[in-house]
Amino acid sequence: MILKKIELSDFRNIENLSMTPGEKVNIICGENAQGKTNLMEALWLFTGAKSFRQTKDAEFIRFGAKRAKLCSEFYSEHRDQTAEIVFSPNKSMKKNGIDIKSSQEYAGTIGGVVFSPSHMNLFRDGPKERRKLADTSLCQLYPKYISVLSDYNKVLLQRNTVLKDAKYHSSLLDMLEVYDEQLARLGGSIIRTRVNYCESLNKKAAEIYKGMSAGREEFFAEYKTTVLDEFEHAESSMSTADWAQKFYDALVKTRNYDFEHGSTSVGPHRDDIEVTLDKMPVRSFGSQGQQRSCILSLKLGEAKLLGEAMGEPPLILLDDVMSELDSIRRDYILNSIGESQIFLTCCDKELFSGLEDGKVFIMEKGNLLGGGGGIAKQ
Ligand SMILES: Nc1ncnc2c1ncn2[C@@H]1O[C@H](COP(=O)(O)OP(=O)(O)OP(=O)(O)O)[C@@H](O)[C@H]1O
Ligand SMILES: [Mg+2]
């Protein structure tokens, strides 16, 4: 997957922009509020995903303009292709000149992984964000997973309603048996998928972390499920049926507790992904640079898994990752990520002084300097 040309008009603070990126590393450098993240956001929209910022479609249109237009030429599946997205303010999409009706139909056109400052809170936030990290990627990898997740959430809501209402109508408790069976079946499938995914992700991310930290610390990521007892470990050899049984047993065991609290205390909706460095949880003991490196390793690991599934490396978009990283880690990002085309923003020219091969663009008030062609580094 290679983006060969990007043209934007009236997108956020960018009136007109034409960019011819390089095939490897592309650095977009500029002072604060110049439009670097806006450009990354436009690139991300080509993947078909929602913006990584909480935003409404109308906000993409430059103040005072009527519509925003994003065009790209890219090479994928051994051929040149085009994609076009217009917000006016409703979204319309074209792929190779043909109208695309839904986001689902467009999904998978351009594969990508993004790291934005919002990901920095991954360890400071609760487990919800860490589950989301796995789920976002699993939804890209297995479209069926989306419906299992949504069915699970529906049954969970019903079970919680029964738990709350049963305080006043105890006959409702008979319905728990039905919900527990359904929840265990759907949850068993979710847990198994996540356990296997985390195991594959751990292998990739640990390798990347090793390179990034020059082997100084040992990275380990593991899926922690509330369905098991505290000291039990999730085994990837367990089948969906095994997990469904474990989950069912846990639901029965916690029924009285759940009834008292009016909610379901165990299951994939309460699970977590734990990351340790030299066996110490990063969440409690990691420095800022270590936490950032762990998140980056997880994201780059995700890119590797996505690349293997799609048969070509995805785009990697790294918004503002370089600060807080020492020069060994920065050099690794600039020169060792591998096959993917990378777009990377930063404010300080010093941060990419170790770049061996790539293109450097300067963003100033929504304009890319250098006639849109970028300034190749000697
Ligand atoms: N719809 C819009 N129309 C015009 N300007 C907009 C629109 N949406 C956002 N902007 C402006 O775009 C500017 C640049 O934003 P952006 O987040 O891309 O900056 P940045 O270069 O990434 O800065 P930083 O280094 O601080 O992250 C902001 O000042 C914002 O007000
Ligand atoms: Mg920014």
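Residues numbered from 1 in each chain as written. Chains lettered and ligands numbered in written order. Predicted model: local features only at pLDDT ≥ 70, side-chain atom pairs only at ≥ 80, totals over all residues. Heavy atoms only, no water.

## Quick look at the environment of Lys167
With respect to the helices and strands, the residue Lys167 is situated in the loop between α4 (143-165) and α5 (176-212). Between the alpha carbons of Lys167 and Glu339 there is a distance of 58 Å; along the sequence they are 172 residues apart. In this structure Lys167 touches Phe259, Glu260 and Gly262, once residues within four positions along its chain are discounted. Side-chain polar atoms of Lys167 contact the backbone oxygen of Phe259, separated by 3.2 Å. At 3.2 Å, the side chain of Lys167 and the backbone oxygen of Glu260 are in polar contact. (Helix = DSSP H or I, 4+ residues; strand = E, 2+ residues; numbered from the N terminus. Contact = heavy atoms within 4.5 Å. Polar contact = N/O pair within 3.5 Å; in protein donor to acceptor, adjacent residues only side chain to side chain.)

## Section: the site of ligand 1
In the region of ligand 1, 16 residues are neighbours, and Ala33, Lys36, Thr37, Arg53 and Ile61 sit closest. One nitrogen or oxygen atom from the main chain of Arg12 is found 3.3 Å from a nitrogen atom belonging to ligand 1. One of the side-chain N or O atoms of Asn32 is found 2.9 Å from an oxygen atom in ligand 1. If ligand 1 stood free it would expose 660 Å²; the protein chains cover 74% of that surface. Looking at side-chain class alone, the shell around ligand 1 contains 4 nonpolar, 6 polar and 6 charged residues. (Near = heavy atom within 4 Å. Areas by Shrake-Rupley, 256 points an atom, 1.4 Å probe, with all protein chains shown as cover. Nonpolar A, V, L, I, M, F, W, Y, C, P; charged D, E, K, R; others polar.)

## Some words on the layout of surface pockets
Here the second largest pocket is characterised by a volume of approximately 520 Å³. If you trace the second largest pocket, you find 27 residues lining it, with Thr225, Thr226, Leu228, Asp229 and Glu230 closest to the centre. At the level of secondary structure, the elements contributing two or more residues to the lining of the second largest pocket comprise β9 (219-224), α6 (240-253), β10 (272-277) and α8 (282-285). Across the lining of the second largest pocket, the residue classes tally to 11 nonpolar, 4 polar and 12 charged. (1 Å grid on protein atoms, 1.4 Å probe; cavity = no way out; pocket = protein on both sides within 12 Å on 5 of 7 lines; lining within 4 Å. Points joined across faces, edges and corners; volume = space filled by probe spheres on them.)

## Details of the confidence of the model for the protein
Looking at the protein, pLDDT values average 92 and 98% of them are 70 or higher. Every residue in residues 371-378 is under pLDDT 50, and counting partners more than four places away or in other chains gives 19 contacts. (pLDDT = per-residue confidence, 0-100.)

## As for the environment of Ile190
With respect to the helices and strands, the residue Ile190 is situated in helix α5. For Ile190, a relative accessible area of 1% gives the class buried. Distance from Ile190 to Glu324, taken between C-alpha atoms, is 35 Å for residues 134 residues apart in sequence. When sequence neighbours within four positions are dropped, the list of residues in contact with Ile190 reads Tyr145, Val148, Leu149, Tyr152 and Pro268. (Buried < 20%, exposed > 50% of the residue type's maximum accessible area, 1.4 Å probe, protein only.)

## As for the domain arrangement of the protein
With domains assigned, the protein is organised as domain 1 (2-111 + 316-376) and domain 2 (127-285). Each of domain 1 and domain 2 has a C-alpha centre, and the two are 34 Å apart. On the domain 2 side, the residues contacting the 4 residues of domain 1 number 8 residues. A buried area of about 650 Å², summed over both sides, lies between domain 1 and domain 2, and 55% of it is on carbon and sulfur atoms. For domain 1, the biggest contributors to the area lost against domain 2 are Ile328, Arg329 and Tyr332; these three give 78% of the whole. On inspection of domain 1 and its partner domain 2, the count reaches 1 salt bridge. Of the charged contacts in the structure, one is a salt bridge between Arg329 and Glu217, with a shortest N-O distance of 3.8 Å. At the junction of domain 1 with domain 2, the criterion picks out 1 residue pair in polar contact (both at pLDDT 80 or more). Residue classes in the side of domain 1 that touches domain 2 are distributed as 2 nonpolar, no polar and 2 charged. (Domains from an automatic or database assignment. Buried area = accessible area lost by both parts, 1.4 Å probe. Salt bridge = Lys/Arg side-chain N within 4 Å of Asp/Glu carboxyl O.)

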